[in-house]
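Each chain, written out:
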Amino acid sequence: MAAPDPRTVAVVAAGGVVGSLGRYAAGLALPHAPGTFPWATFLVNVSGSLAMGLLVAWLVTHPGAHRLARPFVGVGVLGGWTTFSTLAVDTVRLGDGHEQLALLYVAATFVVGILAVGLGSLIGRRTWPDISGAQEDP
Amino acid sequence: MTTALLVALGAAVGAAGRHLTNHWLRERFGATPAGGTLAVNLLGSFVLGVLAGAAADGGWLALLGIGFCGAYTTFSTLALELWSAFEDGRRREVVANAALSLALGLPAAYLGIWLAS
């Protein structure tokens, strides 16, 4: 079994701190009262998904990118910024008395989140010209 | 300020833990990236459920809930995996992955809350 690369672990941890402090700040800015739509978690998950689409498009169009860029931003920062555990726990809590809101919340997060990745990817591919493609078709 | 430091500490361990869990599942069991994402999300949802059920607050919630569980689990990678499968026309995989994440993730959170309440 190959040992994990210590530099990758270090940048993932550092990125996770940055992203999680941002999510903590978002939670303070948009407090969530019980029985209401969890806007802060919804917005971090959707914006993080958009950023993930942009990141993947950037990596595809920048083959010379540093090898730690993806673990730092993708696993660390965006992994720390977005969360599945709070989505699950908030949905279960909303389900106790606010079933329709719970269903709306979880469905909206998944549908808008998936589409946000697609939108980020589309914006990214239009913003950054594909270097490999440009060489093949001058 | 102290709360932010506890969030940061929990997040550093959680993010590294997610990477190491994925690494271990891949090396040891040949798990796919989607399988690794599912595993961390289920485990993190259970742990946050336990914290919620135990009515954890203050420093413990900051360290283990907002910091550790928040960084250990991810939505952005799950959304990317679902979008990639959708874009490639792997519709069954989209449905299976989303359904498993919810059909196991919500009960994992519920179980944690129930056990700790």
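Residues numbered from 1 in each chain as written. Chains lettered and ligands numbered in written order. Predicted model: local features only at pLDDT ≥ 70, side-chain atom pairs only at ≥ 80, totals over all residues.

We now examine unusual backbone geometry. One non-glycine residue, alanine 55 of chain B, lies in positive phi territory at about 55°. You can see alanine 55 of chain B is positioned in the loop between α2 (33–53) and α3 (58–72). (Helix = DSSP H or I, 4+ residues; strand = E, 2+ residues; numbered from the N terminus.)

Cross-referencing UniProt, the feature "binding site: Na(+)" (unreviewed entry) maps to Gly79 and Thr82 of chain A in the present numbering. Since 34 C-beta atoms lie within 10 Å of it, glycine 79 of chain A is described here as buried. The residues touching glycine 79 of chain A, leaving out its near neighbours within four places in the chain, are Gly16 and Gly19 of chain A together with Ala15, Arg18, Ala71, Thr74, Ser76 and Thr77 of chain B. Relative to the assigned elements, threonine 82 of chain A resides in the loop between α3 (69–81) and α4 (85–95). When sequence neighbours within four positions are dropped, the list of residues in contact with threonine 82 of chain A reads Val44, Asn45 and Gly48 of chain A together with Thr74, Phe75 and Ser76 of chain B. (UniProt positions renumbered as here; feature names shortened; annotations may be inferred. Buried ≥ 20, exposed ≤ 12 C-beta atoms within 10 Å, placed from the backbone. Contact = placed C-beta atoms within 7 Å.)

As a further point, take the UniProt feature "binding site: Na(+)" (unreviewed entry) in chain B. The UniProt entry lists Gly70 and Thr73 of chain B under the feature "binding site: Na(+)" (unreviewed entry), expressed in the numbering used here. Checked against the element boundaries, glycine 70 of chain B lands in helix α3. Residue classification places glycine 70 of chain B among the buried positions, given that 33 C-beta atoms sit within 10 Å. Ignoring anything within four residues of it in the chain, the contact list for glycine 70 of chain B reads Ser20, Arg23, Gly80, Thr83, Ser85 and Thr86 of chain A together with Ala11 and Gly14 of chain B. Note on placement: threonine 73 of chain B falls in the loop between α3 and α4 (76–87). Discounting residues that sit within four places of it in the chain, threonine 73 of chain B has contacts with Thr83, Phe84 and Ser85 of chain A together with Val40, Asn41, Gly44 and Ser45 of chain B.

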